[in-house]
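# Residue-level structure breakdown
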Amino acid sequence: MNIDKLIDDVIAIEGDYSNHPADRGGPTRWGVTEMVARRHGYAGDMRYFPYDQAAAIYKRNYWLRPGFDKIATHALRLAEELFDTGINMGSGIATGFLQRALNALNRNGRDFSDLKVDRKIGPQTIAALEQFLKKRGTSGETVLLKAVEALQGERYIKLAEQRPANEAFLYGWLANRIG
């Protein structure tokens, strides 16, 4: 697993500079909003926000801090999806999708107890993932990944329904962020 390649792949999807009028994030470069760049000390024009600073933010804030690196030791494809979802929706939302999916797939608590959906990767979430994968094997990761992506897709549609301006982004979200 090469986190630098994963970051490069995400930045390729996010693209260079944009300032779409329907995007509440405002000026954005490499997928990093101006607000996030400022929070990390960047004071310049977003059109010139450096790639290496974007990559450092992605690694720190969307891979290490939420604990997706810990998920990767058990289920790499799932960790990659959580990383991407976290960038686009927030790491807590991505983690909540994982916890909800694990709860729905635990066979009414027979495989492991329901998790509190606290949107944090902690020992209970890791233990539930380990138990799930032990019970379901390699196909389990594929099914869990589908469940997380289904929750993600539903959220995108809900965002477009609640705020019609988001329809400008819905096709791209579904095309580039799901599956």
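Placed above this text is the structure.
What follows covers the overall build of the chain. Looking only at helices and strands, the chain has nine helices and three strands in total. Ordered by position in the sequence, the α and β elements of the chain form the string α-β-β-β-α-α-α-α-α-α-α-α. Relative to a compact globule of 179 residues, whose C-alpha radius of gyration would be 16 Å, the chain shows 17 Å and is just as compact. Looking at the 179 residues of the chain, the share that counts as buried comes to 46%. Across the chain, contacts joining residues at least 24 apart in sequence account for 52% of those joining residues at least 6 apart. Only carbon and sulfur atoms are counted for the fraction: they give 51% of the accessible area of the chain, which is about 9600 Å².

Here we take up the sheet that holds strand β3 (residues 32–33). One open sheet accounts for three strands, arranged β1-β2-β3; its pairing is antiparallel. The sheet is open, and its two edges are formed by β1 (17–18) and β3, each paired on a single side. With two bridges connecting them, β1 and strand β2 (residues 28–29) associate as antiparallel partners. For Ser18, the partnering residue across the bridge sits in β2 and is Thr28.

The next subject is the pattern of salt bridges. For the structure on display, the rule yields seven salt bridges. A salt bridge links Asp9 to Lys5, with the nearest nitrogen and oxygen atoms 3.0 Å apart. Here Asp9 pairs with Lys5, and both are found in helix α1 (residues 3–14), just four residues apart, close to one helical turn. Overall, the relative accessible area of 47% leaves Lys5 in the partly exposed class.

Along its 25 residues, helix α8 (residues 138–162) runs 37 Å from first to last C-alpha, staying within 8% of the 36 Å computed at 1.5 Å per residue. Among all positions in α8, only Gly140, Glu141, Leu144, Leu145, Val148, Glu149, Leu151, Gln152, Gly153, Tyr156 and Ala160 are buried. Among the structural elements, α5 (76–89), α6 (91–104), α7 (123–136) and α9 (167–177) are those in contact with the buried residues of α8.

Rules used throughout
- Residues numbered from 1 in each chain as written.
- Predicted model: local features only at pLDDT ≥ 70, side-chain atom pairs only at ≥ 80, totals over all residues.
- Heavy atoms only, no water.
- Helix = DSSP H or I, 4+ residues; strand = E, 2+ residues; numbered from the N terminus.
- Rg over C-alpha atoms; globule rule 2.2 N^0.38 Å.
- Buried < 20%, exposed > 50% of the residue type's maximum accessible area, 1.4 Å probe, protein only.
- Contact = heavy atoms within 4.5 Å.
- Areas by Shrake-Rupley, 256 points an atom, 1.4 Å probe, with all protein chains shown as cover.
- Pairing = 2+ DSSP bridges.
- Salt bridge = Lys/Arg side-chain N within 4 Å of Asp/Glu carboxyl O.
- Expected span 1.5 Å × (residues − 1).

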